[in-house]
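# Structural description and commentary
Read off the chains here:
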Amino acid sequence: MQDILERISDPEGSLAVLDPATGKTIAHVRTYAKGEVAGIIRQADEARGEWAARTAKERANLLRAWFNLITERKEALAQLMTAECGKPIAEARGEIAYGAAFVEWFAEEGKRAYGETIPTFASGKRLLTIKQPVGTCAAITPWNFPMAMITRKVGPALAAGCAIVVKPAEATPLSALALEHLAREAGIPAALFRVVPTNDPADVGRLFCSDPLIRKLSFTGSTAVGKILMEQAAQNVIKLSLELGGNAPFIVFDDADVDQAVEGALASKYRNSGQTCVCANRFLVQAGIHDAFVERLTKRVAELKVAPGVEEDSKIGPLINASGLGKAESLVRSALDAGAVARTGGARSPVGDNFYQPTVLTGVTADMEIAAAEIFGPVAPVIRFETEEEAIRVANGTPYGLAAYFYSRDLARAWRVMEALEFGMVAVNDGILSTEVAPFGGIKQSGLGREGSRHGLDEYLELKYCLIGGIDR
Ligand code: SIN
């Protein structure tokens, strides 16, 4: 890790990167003011024509070289990630593989940006569509997946023939800078993918929306910030991809396999200490299976080891900062005050300042604050329900629509509920649905557009309709 850190950090830089497990400074990085970012956007825009003119295969070869370097440096990148975001090291390794997979996938997918021919409406005319790169793009990425949320945007942008400028989260610029460094080593022209850490994220966000050279913005983060960007992006009518907040229901029906449901619950809820947009946020458990599910879940959750992410057996690392911890703490307190019961956890952990105990709460009701807010912490609130209709009503009773999970062994119910849930992604009898091959994204206030899969490439392509007239027989 040390050699990469030396290349990407700058002792004189004004942004200090802290280890959330210890509060200590790991490194400083150089920051970019709005004017400098504007210059970088201009360089990106100048470079993109030559890049777009290359064949998809030429672009794919460079993306593949980048993928290989990320994979070769997997351990160093994982350590860097754990150091800056606190994620348990096993999960950080998982994220490097997950993030690299987007580069590999889009390297291939870029070769399949097919247009179409359309049966004509008039004998002297021919109609077709072609797909072309959107142009110069910008991305704003979060701290909870410091790498995969970048490759999920940069992979398709570069594969499509675009240039892209990325503002990483202030808390986690190191993984982003390491990715940029490896992209250069792989031979990807420097101006095409730039990372611009900043101390002034609002200003840079405004620039991304107002600079006439930017044709697309992709943002992963909160719904509140997504709404501001959407308003700002309206001035230039730029293309938007927004991956925003969630409030994922995890429904366990009476006919579920309780052991499978508990395994799925652990994977979905406690991944990254509960800090993902797709983490189960509310457990809706039918009355007949409620006690058995809660008992097994509680036992397993109480066994999860809380420790700094660098420890090999850490399962729950620190939350990102004091404000993340304060939010989880206050939501649990308000649930307990309203009558919920902590079956395990329910308080800060003595391991360190930003650590919270993995928690299971029962007696939660749909009207409590904890059932409406995105917790972003290792807390599982359990709501008891009686009927399928009630579960669907409660599950859909949120302005968010990102991910939903449910467990049932009844095939008819599985279809019914899958169709009835108003979410962009639904997992049946599984707790994890993220993969580069499937479209990730939400509906309602969870966002716009899809990332990953063949649909993720389309977000960086414009569809052009062409008509050729004067074709006389
Ligand atoms: C997120 O939390 O924004 C992304 C989670 C994932 O890709 O699984």
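Keep in mind that this is a model prediction, so the values were computed, not measured. (Residues numbered from 1 in each chain as written. Predicted model: local features only at pLDDT ≥ 70, side-chain atom pairs only at ≥ 80, totals over all residues. Heavy atoms only, no water.)

Another point: the site of the ligand. Surrounding the ligand, one finds 13 residues, the nearest of these being Tyr98, Arg152, Arg271, Cys277 and Ser434. For the ligand, an oxygen atom lies 3.0 Å from a polar atom in the side chain of glutamate 243. Between the ligand and serine 434 there is a distance of 2.5 Å, counted from an oxygen atom to a side-chain nitrogen or oxygen. Expressed as a share of its isolated accessible area of 260 Å², the protein-covered part of the ligand is 100%. Across the shell around the ligand, the residue classes break down as six nonpolar, four polar and three charged. Here the shell around the ligand spans two domains, since at least three of its residues come from each of domain 1 (2-244 + 446-466) and domain 2 (248-428). (Near = heavy atom within 4 Å. Polar contact = N/O pair within 3.5 Å; in protein donor to acceptor, adjacent residues only side chain to side chain. Areas by Shrake-Rupley, 256 points an atom, 1.4 Å probe, with all protein chains shown as cover. Nonpolar A, V, L, I, M, F, W, Y, C, P; charged D, E, K, R; others polar. Domains from an automatic or database assignment.)

Taking 1.5 Å of rise per residue, the 16 residues of helix H12 (residues 322-337) would be expected to cover 22 Å, and the 22 Å separating its terminal C-alpha atoms lies within 8% of that figure. Those residues of H12 not exposed but buried are Gly324, Leu325, Ala328, Glu329, Leu331, Val332 and Ala335. An end-on view of H12 places all buried positions within 160° of arc, on one side of the element. The exposed residues of H12 that point more than 90 degrees off its buried face are Ala322, Ser323 and Asp337. The elements touched by buried residues of H12 are strand E13 (359-364), helix H13 (369-372) and strand E14 (379-385). Where H12 starts, the residue carrying a side-chain oxygen 3.2 Å from the main-chain nitrogen of serine 323 turns out to be asparagine 321. Phi turns positive one or two residues past the end of H12, at glycine 339, with a value near 115°. (Helix = DSSP H or I, 4+ residues; strand = E, 2+ residues; numbered from the N terminus. Expected span 1.5 Å × (residues − 1). Buried < 20%, exposed > 50% of the residue type's maximum accessible area, 1.4 Å probe, protein only. Arc of directions from axis to C-beta. Contact = heavy atoms within 4.5 Å.)

Turning to a nonpolar patch on the surface, a few remarks are in order. A surface patch of nonpolar side chains, about 420 Å² in accessible area, is lined by Ile118, Phe121, Tyr465 and Leu467. Tracing the sequence through the fold places tyrosine 465 in strand E20 (residues 461-468). (Patch = residues over 30% accessible without salt bridge, like charges linked within 9 Å, V, L, I, M, F, W, Y side chains within 5 Å. Salt bridge = Lys/Arg side-chain N within 4 Å of Asp/Glu carboxyl O.)

Next up on the list: the packing of aromatic side chains. Any aromatic ring pair is given by two values, namely how distant the centres are and how the planes are angled relative to each other. Counted according to the given criterion, the structure contains nine aromatic pairs. In textbook terms, an aromatic cluster arises when at least three aromatic residues are bridged by ring pairs, as seen for Phe250, Phe283, Phe293, Tyr405 and Tyr407. Sitting over the ring of tyrosine 32, arginine 30 keeps its end group 4.2 Å from the ring centre. (Phe/Tyr/Trp six-rings, centres within 6.5 Å; stacked < 30°, edge-to-face > 60°. Lys NZ or Arg CZ within 6 Å of the ring centre and 35° of its normal.)

All right, on to the packing of helix H3 (residues 56-72) against helix H7 (residues 173-185) then. At their nearest, the axes of H3 and H7 sit 8 Å apart, and the two run at 125° to each other. Taken together, the axes of H3 and H7 lie oblique to each other. Of the two elements, H3 crosses H7, and the hand of that crossing is right-handed. Facing Trp66, Leu69 and Ile70 of H3, the residues of H7 in contact are Leu179, Leu182, Ala183 and Glu185. Split into classes, the residues belonging to the contact of H3 with H7 amount to six nonpolar, no polar and one charged. (Axes fitted to C-alpha atoms, helices over the stretch in contact; angles between N-to-C directions. Parallel < 35°, antiparallel > 145°, perpendicular 65-115°, else oblique. Left-handed = near helix turned anticlockwise from the far one by under 90°.)

This part covers the side chain of serine 434. Summarising the element assignment, serine 434 is placed in the loop between strand E17 (425-428) and strand E18 (443-444). For serine 434, a relative accessible area of 17% corresponds to the buried category. Contact partners of serine 434, with chain neighbours within four places excluded, come to Tyr98, Arg271, Val278 and Phe440.

If you look at the biggest cluster of nonpolar residues, it comprises 85 residues, and the most contacted ones within it are Trp66, Ile70, Leu158, Phe193, Phe208 and Leu217. With nine residues, helix H5 (residues 89-109) is the largest single contributor of residues to this core. When residues no more than four places from it in sequence are discounted, the contact partners of tryptophan 66 are Val103, Thr151, Val154, Leu158, Leu179, Leu182, Ala183, Ala186, Ile188 and Phe193. Counting 37 residues, the second largest nonpolar core, distinct from the first, contains Tyr270, Phe283, Val301 and Val360. (Core = buried A, V, L, I, M, F, W, Y, C linked by side-chain atoms within 4.5 Å.)

Bear in mind that shape data such as this cannot, by itself, settle questions of function.
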